[in-house]
Amino acid sequence: MFDYEILRLIWWALLGVLLIGFALTDGFDLGVAALLPFVARNDPERRMVINAIGPTWEGNQVWFILGGGAIFAAWPFVYAVSFSGFYLAMFLVLAALILRPVGFKYRSKRPDPAWRARWDWALFVGGFVPALVFGVAVGNVLLGAPFRLDGDLRSFYEGSLLGLFTPFALLCGLLSVTMLVLHGAAWLTIKVEHGPVHDRARTFGTVAAIASIMLFAIGFVFVRWGGIGYRIVGTVDPAGPSNPLRTTVEQVGGAWLDNFAAHPWMMVLPVLGFVGAGLALLGIRSGREALAFSGSSVSTVGIVATVGCSMFPFILPSSIDAHSSLLVWNASSTHKTLGLMLFVTAVLLPIVLAYTAWAYKVMFGRVTAEDVRTNPDFY
């Protein structure tokens, strides 16, 4: 039904949809977990916070799995380079994420306060560390990863774990944390009863909203004047073979803003990032919980989409050999593979969306102290 160029574009867009879906759903889970030690001061309050995400956190992780699967199947070069080069960072994220299910399941098995406190901090690590590392990873994608391809298209990664934590990458990591903490705080204002936890969530949400706006603006300054960006030299065949070495690329400071100059409509994306955070701040301060969560969702979409559209058609540039950079046009699977995957996705993605919506509808409502005290099914 579609030619090779269109299929590549569709899968680039679908990858963005999956990443945004992960940020919108599992993102507030990570934000709530990162807030746990700070918005809840005693055991009943902590159980309220945990059960605000208890019914849905497992389902929300589906988006993370789908995103990884899409990279593996649609962009094998990207998967091979990123998952091998960023192996230690990925292991750090997975180790932190493993703490989440264990913490949820074991935390309330014993009444011992010390036991529960340790699992509370484990849940905090399971929320904060992935949020930080995901942002650091995005920062390194914008900077370019230190890899190169030889004549046989074998990848060689020449970086280290500590080398990932550059000032710009840390800025992106902090933006990721504040963005998801804002999203998590907005979720808590909807999901927990009015009281101390609700009030503390509003306080931390206010700080996170202001920090998100400031860090997003500072990130723009880095991208514009920090010597960050890549540009294709010459022409590239959008329907050509998947061979990165056939493309000529150069590193040019500020080149990530080229797409916004060529396509002014894209400016709506960073505007959404700023305006959404502002609406979330307004909603939190005025007690309009629906506005706060809608605003944090819009901000998340705007920030993530800004990165993706600014980089197009790049997916993973190389900082040590620009000609090895991976693009939408030179790093995909075959035409047939993309077509078959699109058919499967067209069938299954609506099912995922439908059962996700149904689960949220069934689990709708605030968590109260009385629920925590009397419901035997709560964590």
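Coordinates for the structure precede this section.
Bear in mind the structure is a predicted one, so any value in this text is a computation, not a measurement.

Each value, and the rule that gives it
In every chain, residue numbers begin from 1 and rise along the written sequence. Per-residue local features are limited, in this predicted model, to residues with pLDDT of at least 70; the limit for side-chain atom pairs, both in listing and counting, is 80 or more; totals at the level of whole chains, interfaces and linings are taken over all residues. Values reported for side chains reflect all heavy atoms of the structure, with hydrogen atoms and water molecules removed beforehand. By definition, any uninterrupted DSSP run of H or I lasting at least four residues is a helix, any uninterrupted run of E lasting at least two residues is a strand, and each is numbered from the N terminus. Our radius of gyration looks at C-alpha atoms and nothing else; its globule reference is 2.2 Å times the residue count to the power 0.38. Here, two residues are considered to be in contact whenever any of their heavy atoms come within 4.5 Å of each other. Each accessible area is a Shrake-Rupley result for a 1.4 Å probe, and residues are judged covered by the shown protein chains and nothing else. By definition here, a salt bridge exists when the distance from a side-chain nitrogen of Lys or Arg to a carboxyl oxygen of Asp or Glu is within 4 Å. Put simply, a nonpolar core is a bunch of buried Ala, Val, Leu, Ile, Met, Phe, Trp, Tyr and Cys residues held in one set by side-chain atoms that sit within 4.5 Å of each other. Exposure is judged per residue with a 1.4 Å probe applied to protein chains only, and the accessible area is read against the type maximum: over 50% gives exposed, under 20% gives buried, and values in between give partly exposed. Using a grid of 1 Å spacing that covers the protein atoms alone, one calls a set of points a cavity when a 1.4 Å probe fits there but cannot get out, and a pocket when the set is open and has protein on both sides within 12 Å along at least five of seven lines; lining residues are those with an atom within 4 Å of a point. Grid points are joined across faces, edges and corners, and a volume is the space filled by probe spheres set on the points. As a working rule, the residues Ala, Val, Leu, Ile, Met, Phe, Trp, Tyr, Cys and Pro are called nonpolar, Asp, Glu, Lys and Arg charged, and the rest polar, with Gly in that last group. Any helix carries an expected span of 1.5 Å times its number of residues minus one. In this description, the term disulfide denotes a pair of cysteine sulfurs within 2.5 Å. Side-chain rings of Phe, Tyr and Trp (the six-membered ring for Trp) are treated as a pair once their centres are within 6.5 Å; stacked means planes under 30 degrees apart, edge-to-face means over 60, and tilted covers the remaining angles. Should the NZ of a Lys or the CZ of an Arg lie within 6 Å of a ring centre and within 35 degrees of the ring normal, that charge is described as sitting over the ring. Like-charged residues within 9 Å of one another, or nonpolar side chains (Val, Leu, Ile, Met, Phe, Trp, Tyr) within 5 Å, are grouped into patches, provided each residue has over 30% relative accessible area and no salt bridge.

### Points about the overall build of the chain
1) Next: Secondary structure summary: the chain contains 14 helices and six strands in total.
2) Next: Here the C-alpha radius of gyration of the chain, 21 Å, is about what a compact globule of 379 residues would show, namely 21 Å.
3) Next: Long-range pairs, those at least 24 residues apart, make up 80% of the contacts in the chain with a sequence separation of at least 6.
4) Next: Surface accessibility of the chain: about 17,100 Å² in total, with carbon and sulfur atoms responsible for 71%.

### Some words on the pattern of salt bridges
1) Next: Going through the model one piece at a time under the given rule, you end up with 11 salt bridges.
2) Next: A salt bridge links Asp 43 to Arg 107, with the nearest nitrogen and oxygen atoms 2.7 Å apart. With Asp 43 in helix α2 (residues 43-53) and Arg 107 in the loop between α6 (87-106) and α7 (113-143), the pair connects residues that are 64 residues apart, well separated along the chain.
3) Next: Between Asp 120 and Arg 46 there is a salt bridge, and its shortest N-O distance comes to 3.6 Å.

### Let's talk about the nonpolar core
Generally speaking, soluble globular proteins have nonpolar side chains that are buried together.
1) Next: Grouped together as the largest cluster of nonpolar side chains are 98 residues, with contacts concentrated most on Trp 11, Val 49, Trp 75, Leu 188, Trp 256 and Leu 326.
2) Next: Look past the residues within four positions of Leu 326 in its chain and what remains in contact with it is Phe 77, Val 78, Val 81, Phe 147, Leu 149, Pro 244, Phe 314, Ile 315, Leu 316 and Ala 331.
3) Next: Membership of the second largest hydrophobic core comes to six residues, among which are Ile 20, Leu 269, Ala 305 and Cys 309.

### Observations concerning the layout of surface pockets
To locate leftover empty space, one rolls a probe as large as a water molecule over the atoms.
1) Next: Empty space within the second largest pocket amounts to approximately 260 Å³.
2) Next: Lining of the second largest pocket is provided by 13 residues; of these, Trp 11, Leu 18, Leu 66, Ala 70 and Thr 345 occupy positions nearest its centre.
3) Next: Among the secondary structure elements, those contributing two or more residues to the lining of the second largest pocket are α1 (4-39), α4 (62-74) and α13 (335-362).
4) Next: Among the elements that make up the lining of the second largest pocket, the one with the highest residue count is α13 (six residues).
5) Next: Residues belonging to the lining of the second largest pocket are distributed by class as follows: 11 nonpolar, two polar and no charged.

### Examining helix α9 (residues 196-225)
1) Next: Relative to the 44 Å expected for 30 residues at 1.5 Å per residue, α9 spans 44 Å between its end C-alpha atoms, a close match to the ideal helical length.
2) Next: Immediately beyond the C-terminal end of α9, within one or two residues, lies Gly 227, with a positive phi of roughly 70 degrees.

### Some points on empty space enclosed by the protein
1) Next: Applying the stated rule across the entire model yields one cavity of 30 Å³ or more.
2) Next: Roughly 50 Å³ of internal volume is contained in the largest cavity.
3) Next: In terms of lining residues, the largest cavity is bounded by Val 32, Ala 33, Leu 36, Val 49, Ile 50, Ile 53, Arg 100, Phe 104 and Leu 123.
4) Next: Elements represented by at least two residues in the lining of the largest cavity include exactly α1, α2 and α6.
5) Next: When its residues are assigned to classes, the lining of the largest cavity shows eight nonpolar, no polar and one charged.

### Thoughts on the state of the cysteines
1) Next: Evaluated as defined, the whole model comprises zero disulfides.
2) Next: In this model Cys 309 remains outside any disulfide bridge; the closest cysteine sulfur is found in Cys 172, 16 Å from its own.

### Considering the environment of Ser 324
1) Next: Within the element layout of this structure, Ser 324 appears in the loop between β5 (314-316) and β6 (326-327).
2) Next: What makes Ser 324 buried here is its relative accessible area of 0%.
3) Next: Separated by 46 residues in sequence, Ser 324 and Gly 278 have C-alpha atoms that sit 40 Å apart.
4) Next: Contact partners of Ser 324, with chain neighbours within four places excluded, come to Phe 147, Arg 148, Leu 149, Pro 244, Leu 245 and Ser 318.

### Considerations on unusual backbone geometry
1) Next: Residue Pro 313 is bonded to the preceding Phe 312 through a cis peptide linkage, with omega at 5 degrees.
2) Next: Positionally, Pro 313 belongs in the loop between α12 (289-311) and β5.
3) Next: A positive phi angle, close to 65 degrees, is found at Leu 153, a residue other than glycine.
4) Next: Examined against the element boundaries, Leu 153 turns out to sit in the loop between β1 (147-149) and β2 (155-157).

### Observations concerning the packing of aromatic side chains
Two numbers describe a pair of aromatic rings. These are the distance of the centres and the angle of the planes.
1) Next: For the coordinates displayed, the defined rule picks out 28 aromatic pairs.
2) Next: An angle of 45 degrees between the planes, with centres 6.3 Å apart, marks the rings of Tyr 230 and Phe 314 as tilted. Of this pair, Tyr 230 sits in strand β3 (residues 230-232) while Phe 314 sits in strand β5; the two residues are 84 residues apart in sequence, bridging distant segments of the chain.
3) Next: Exposure remark for Tyr 230: the relative accessible area of 2% places this residue in the buried category.
4) Next: Looking at Arg 8, its charged tip hangs above the ring of Tyr 4, at a distance of 3.8 Å from the centre.
5) Next: The positively charged end of Arg 148 is found above the aromatic ring belonging to Phe 156, 4.7 Å away from the centroid.

### Observations concerning the environment of Ala 280
1) Next: Note that Ala 280 resides in helix α11 (residues 268-286).
2) Next: For Ala 280, a relative accessible area of 0% gives the class buried.
3) Next: For Ala 280 and Ala 70, which are 210 residues apart along the polypeptide, the C-alpha to C-alpha distance reads 31 Å.
4) Next: Ignoring any residue separated from it by four or fewer positions in sequence, one finds Ala 280 in contact with Leu 182, Leu 291, Ala 292, Gly 295 and Ser 296.

### Some thoughts on a nonpolar patch on the surface
1) Next: Together, Phe 343, Val 344, Val 347, Leu 348, Ile 351 and Tyr 355 line one region of the surface with nonpolar side chains, adding up to about 580 Å² of accessible area.
2) Next: Judged by its relative accessible area of 43%, Val 347 falls in the partly exposed class.

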